[in-house]
Amino acid sequence: MNYVFMFKNQIDFRKDRFIDMKMLKISIKQWFNMFKDNNKKMYICGSYNKFEEKELIDYITKDYMNKYNIKILNVGSFPKEFNKNKTSKINYQMLAAFNHLKEPMILCANDIFPIKLIDESHLNKEYMIRNNDYTKLPNIDKPEKLHWWELEHINTLKYFNNKFGTNFKTMYEGHSLYYITEEFINFLKANPYLMINSPRNLVLINWLKMKGEDIYKPGFCSMTFYSNNWMLDKKRLQQTKVVNITLPNHPKSKAFLNKVKKI
C-alpha cells in the first residue's frame, strides 16, 4: 500500500525550522510500525525547490529513508489553474501523487499519526463533531465574521446539497486518516468547483456519506490541545489510537513527541 506524506515545512507559521521535520520523522516511523500492512511504500510529497529538498533529505537522513523505504515525490511548481489558494495547491499535490502512483494511497501528515496499532477500519473516520447543524452557527448570515475553516466547510456542504440533493449539515473536526481511490479522484475531477475551492478531506467525507458509508468513529483520535486545554489524560489515552499534534512547540507537546520518538 502507498503511504503519501503531504509535507510542507511551515517555518513562517511555526517559527521553527525543524519541528515539522522532526514530527515527520516520528510520523513515518509510527505509520511504518503501527499500521497492519506488510507491503509499505512510503513517499514524502510536496512542491520543493532544490534547497528545500536537500534540507529535507539531510534532516530525515538517507539511512532513515532507506530503513523505511521512503522516496521523495516532488510535484514541482503548480499549474496556473491550481496556483490560486492553499486549497487548490493541496488538492493538486494529491492529484499529482495519484497520477504518479496510479494506485490507491493513504494520505499521511507529519502532525497526525498512530500511537497504537491501527488497521483499515480506522481510515476515513472523523473523530469529533464540530457542529451538528451549520445553519445554526452564530453569524451564519455574516460570512465575514466566520472563521475561514467554517466557510470552507459550509461551502462544501452547500455544494453537495445543491448539486446532489443531500441534506448535510454536520461539520466534523476535519483531521483524520484518509484513503484515496481512483473512484474518488474521478469524482473530484468531475466537480471542478470542489477541486479548486474545497479541501480534499471535506470533499471525501461528504462523498463517502453520500455513498452511505459510516465516517464517524468518536474518540479513536485525540488532539493534544483543544481550546488551550491539554487533552491526553489517562482516561482519554485508553481509547486514543491516533494523535493530532496541535501546538507542537508547547513544552507538553514536546515532551509527548520525545516520548513517542523513543518507543
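Refer to the structure printed above.
These lines cover the structure that appears in this document, whether it is placed above or below.

Let's talk about the side chain of N161
Part 1: Within the fold, N161 resides in helix α6 (residues 148–164).
Part 2: Not counting residues within four places of it along the chain, the set of residues in contact with N161 comprises Y134, T166, N167 and F168.

Structural notes on the sheet that holds strand β9 (residues 221–223)
Part 1: In space, the three strands of this open sheet follow the order β5-β12-β9, with mixed pairing throughout. With partners counted over all chains shown, the strands left at the sheet margins are β5 (112–114) and β9, one partner each. Shown here is a sheet whose adjacent strand axes are inclined to one another by a mean of 20°, direction ignored.

Describing the sheet that holds strand β1 (residues 2–6)
Part 1: Taken in spatial order, the five strands line up as β3-β2-β1-β4-β8 in an open sheet, and their pairing is mixed. The open sheet has two edge strands, β3 (70–74) and β8 (178–180), and neither has a second partner. On average, adjacent strands in this sheet sit at an angle of 30° to one another, irrespective of strand direction.
Part 2: Here β1 pairs with strand β2 (residues 41–46) via five bridges, running parallel. Bridging from a neighbouring strand, Y3 pairs with M42 of β2.
Part 3: With respect to the sheet, helix α5 (residues 86–101) is in contact with β1, β2, β3, β4 (105–108) and β8, its orientation differing from that of β1 by roughly 150°.

Calculation rules
Residues numbered from 1 in each chain as written. Predicted model: local features only at pLDDT ≥ 70, side-chain atom pairs only at ≥ 80, totals over all residues. Heavy atoms only, no water. Helix = DSSP H or I, 4+ residues; strand = E, 2+ residues; numbered from the N terminus. Contact = heavy atoms within 4.5 Å. Pairing = 2+ DSSP bridges. Axes fitted to C-alpha atoms, helices over the stretch in contact; angles between N-to-C directions.

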